[in-house]
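Notes for the structure review
Listed below are the residues making up each chain.
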Amino acid sequence: MSMWRNRGTKLLCAALIVALLAPLFGQSDARAASQPQIGIYLDGKKIVTDVPPFIIPKANVTMVPLSVISKSLGANVGWSQATKTATIRHEGQVLEMTMGQKFALVNGQRTELETTVQVVNGRVMVPLRFVGTQLQLLVTWQQASRTILLQTRDGSSERESLKGAWVSTVYNLDWPSDKSYGQAEKQKQEYVQLLDELQGMGLNAAFVQVRPSADSIYPSALVPWSRYLSGKQGVDPGYDPLAFMIEETHKRGMEFHAWFNPFRATVDGKTDSLAANHVAIAHPEWIVLSGGKHYINPGIPEARQHIIDAIMEVVRGYDIDGVHLDDYFYPSGGTFPDDAAYAAYNPGKLGNKADWRRDNINRFVKELGESIHRAKPQLQYGISPFGVWRNIADDPTGSDTRAGVTTYDSMYADVRTWIRQGWIDYVAPQIYWSLSFEVARYDKLVDWWANEVRGTNVELLIGHAPYKLGTKEAGWSSAQEIINQLNYNKNVLEVQGDIFFSAKDLRRNPLGLIPLLRQYYQQ
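Residues numbered from 1 in each chain as written. Predicted model: local features only at pLDDT ≥ 70, side-chain atom pairs only at ≥ 80, totals over all residues. Heavy atoms only, no water.

**A word on the overall build of the protein**
- Along the protein, the regular secondary structure elements total 16 helices and 24 strands.
- The 523 residues of the protein split such that 55% are buried.
- The long-range fraction of contacts in the protein, counting pairs at least 24 apart against all pairs at least 6 apart in sequence, stands at 67%.
- When the accessible surface of the protein is split by element, carbon and sulfur atoms take 49% of a total near 21600 Å². (Helix = DSSP H or I, 4+ residues; strand = E, 2+ residues; numbered from the N terminus. Buried < 20%, exposed > 50% of the residue type's maximum accessible area, 1.4 Å probe, protein only. Contact = heavy atoms within 4.5 Å. Areas by Shrake-Rupley, 256 points an atom, 1.4 Å probe, with all protein chains shown as cover.)

**Quick look at the packing of helix α9 (residues 301-317) against helix α11 (residues 353-375)**
- Running from amino to carboxyl end, α9 crosses α11 at an angle of 30 degrees, the nearest separation of the two axes being 10 Å. Taken together, the axes of α9 and α11 lie roughly parallel to each other. The two elements α9 and α11 meet at a crossing, and its hand is right-handed. Residues Arg-304, Ile-307, Ile-308, Ile-311, Met-312 and Val-315 of α9 form the contact with α11, whose own contacting residues are Asn-360, Arg-363, Phe-364, Glu-367, Leu-368, Ser-371, Ile-372 and Ala-375. (Axes fitted to C-alpha atoms, helices over the stretch in contact; angles between N-to-C directions. Parallel < 35°, antiparallel > 145°, perpendicular 65-115°, else oblique. Left-handed = near helix turned anticlockwise from the far one by under 90°.)

**A few points about the pattern of salt bridges**
- Tallying each qualifying case throughout the model produces 24 salt bridges.
- Between Asp-338 and Lys-353 there is a salt bridge whose closest N-O contact spans 3.0 Å. Within this pair, whereas Asp-338 is found in the loop between β20 (322-325) and α10 (339-344), its partner Lys-353 is found in helix α11, the two being separated by 15 residues in sequence.
- Since its relative accessible area comes to 22%, Lys-353 is described here as partly exposed.
- In this structure, a network of salt bridges that share partners links the residues Asp-196, Glu-248, Lys-251 and Arg-252. (Salt bridge = Lys/Arg side-chain N within 4 Å of Asp/Glu carboxyl O.)

**What to know about the nonpolar core**
- In this structure, Tyr-191, Phe-256 and Trp-418 are the most contacted members of the largest nonpolar core, which totals 118 residues.
- Dropping the residues within four chain positions of it, Phe-256 is found in contact with Tyr-191, Ala-206, Val-208, Val-210, Leu-242, Met-245, Ile-246, Thr-249, His-250, Ile-320, Asp-321 and Gly-322.
- Among the nonpolar cores identified, the runner-up in size contains 28 residues, and Val-64, Ala-75, Phe-130 and Leu-135 belong to it. (Core = buried A, V, L, I, M, F, W, Y, C linked by side-chain atoms within 4.5 Å.)

**So, the packing of aromatic side chains**
- Applying the stated rule across the entire model yields 18 aromatic pairs.
- On the numbers, 5.9 Å between centres and 90 degrees between planes, the contact of Tyr-467 with Phe-501 is edge-to-face. Of this pair, Tyr-467 sits in the loop between β23 (459-464) and α14 (480-490) while Phe-501 sits in the loop between β24 (495-500) and α15 (503-507), placing them 34 residues apart in sequence.
- Under the relative-accessibility criterion, Tyr-467 is labelled partly exposed at 29%. (Phe/Tyr/Trp six-rings, centres within 6.5 Å; stacked < 30°, edge-to-face > 60°.)

**Details of α11**
- Spanning 23 residues, α11 covers 33 Å between terminal C-alpha atoms, matching the ideal 33 Å at 1.5 Å per step.
- Among the residues making up α11, those that are buried are Trp-356, Arg-357, Arg-358, Asn-360, Ile-361, Asn-362, Phe-364, Val-365, Leu-368, Gly-369, Ser-371 and Ile-372.
- Where α11 begins, the side chain of Asn-352 points an oxygen toward the backbone nitrogen of Ala-354, at a separation of 2.8 Å. (Expected span 1.5 Å × (residues − 1). Polar contact = N/O pair within 3.5 Å; in protein donor to acceptor, adjacent residues only side chain to side chain.)

**Comments concerning the pairing of strand β17 (residues 255-260)**
- Of all the 6 residues making up β17, 6 are buried; the element is thus mostly covered by neighbouring parts of the structure.
- Bridge count between β17 and β20: 4 bridges; the pairing is parallel. Looking at β20, one finds that Phe-260 is bridged to Leu-325. (Pairing = 2+ DSSP bridges.)

**Observations concerning the packing of α14 against helix α16 (residues 513-522)**
- In contact at an axis separation of 9 Å, α14 and α16 are set at 25 degrees when each is read in the N-to-C sense. What the angle tells us is that α14 and α16 run roughly parallel. Our pair here, α14 against α16, has a crossing hand that is right-handed. On α16, the residues that touch Gln-480, Ile-482, Ile-483, Leu-486, Asn-487 and Lys-490 of α14 are Leu-513, Leu-516, Leu-517, Tyr-520 and Tyr-521.
- Considered class by class, the residues forming the contact of α14 with α16 number 8 nonpolar, 2 polar and 1 charged. (Nonpolar A, V, L, I, M, F, W, Y, C, P; charged D, E, K, R; others polar.)

**Structural notes on the sheet that holds strand β9 (residues 103-106)**
- Ordered by their spatial adjacency, 5 strands build an open sheet running β6-β7-β8-β9-β10, and the pairing between neighbours is antiparallel. Two strands in the sheet have a free side with no partner beyond their single neighbour: β6 (76-80) and β10 (109-112). Going across the sheet, the axis of each strand differs from the next one's by a mean of 20 degrees, ignoring polarity.
- Note that strand β8 (residues 93-98) and β9 share 3 bridges and pair antiparallel. Bridge pairing links Glu-96 to Leu-105 in β9.

**Looking at the environment of Met-254**
- Tracing the chain through its elements places Met-254 in the loop between α7 (241-251) and β17.
- According to the relative accessible area criterion, Met-254 is buried, its value standing at 3%.
- Distance in space between the C-alpha atoms of Met-254 and Ala-205 is 5.1 Å, their sequence separation being 49 residues.
- Not counting residues within four places of it along the chain, the set of residues in contact with Met-254 comprises Leu-195, Gln-199, Leu-203, Asn-204, Ala-205, Thr-249 and Asp-321.

Put into structure tokens, the structure is as follows:
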């Protein structure tokens, strides 16, 4: 099972920081009344209260029912009607707060309060910021969703977050080099060197592309050997690269995640160099040519099952830590001629082709997850979608972005449904923009995705873009951009780790990134 799930919830800083920012709470009563109720989550689980929390505008204090403290934290609480005093006892701490008094007693010592205890609709309301500080909680306010996030210390201090890199085999981008064709030992040496460098930066996971285009970097009964091992598809490289890579990765205490590109069949639209058992040759009726590339048609049930079967070969045959899919579902541009499949395979009688396409991908995601977890319940199954689900202009619940491509409308991938249905274990959106890129700002998107997974069992990893360092796009003139993004993630409780695209871009040390990463992860 994945280390970031095994070792508890998110790592807290050594000094617990209470961060209810006062300017965010300063609202008029009229505005507050028109907004949704404040939600409270403790360690990712929603707390249900019979009296909703509220904000005292002038004091900038959030008041919560005393029952939240007892039921959710296991504290012993009491209310004296005679003295109008609330008492909270928890792990050696005794807090006493009396109505009308703007101070509390903490283990008998007087401590100033920003506001007094109140009684609303028969419920005792106490100031959350003060109580949280005394009980050593991390308290975070998220303005956009009007949500308070509480986190306890229990089990959190031993947490090691996932720190991974994507290792692309397509086009020989990251591994192996095209200079190593047919040379097993050279390919092994290249991978060992790659791992040594990634681990030296502080990373602990490799997401290796084992299916670049309907082929494999392992011996398969269903798909041909990848051409990126030898220069020609279908040629046995003389060893099992996947078995070797898993062994080398695990030797270092690192995780190995098998990365599959599910539906891409070719990268150039050519078929003359394909092996006889390649899906485009064996099942041309499953293939669609779009944008100069061949794709396996997601609308054909048998074709989807073929992909699931190919992935399950690896699940059953190798000691991997996870199954990882990228964002290649339907292509995001050009025409995709699938009218025949739409007419033939539409059990739900969906009248809108876009909804039908999303339903095809939903079925695939759900059925693959069920197959994986039947075989190995502990295996992590996650997907890395394009970073924008929908723009707010197209959907009021979408992100405050103006992206020209969205995963829902362009790739027909309804990631929200996968999260809410619990079909995946984690989601790793590719947030490949900077903190200053207004069209799709990094922090806004991290907050949006955090809100999507909050209260679910789906974890959130963030995909970063070191390949953009040094480009002219806004925000990428300094390697500090990546560090600033990592620092931002530390204050978002839902973020469980980071993945960088890609290994080669980290290894070339763009703008001096490597020493910054080493320093960051050592801290």
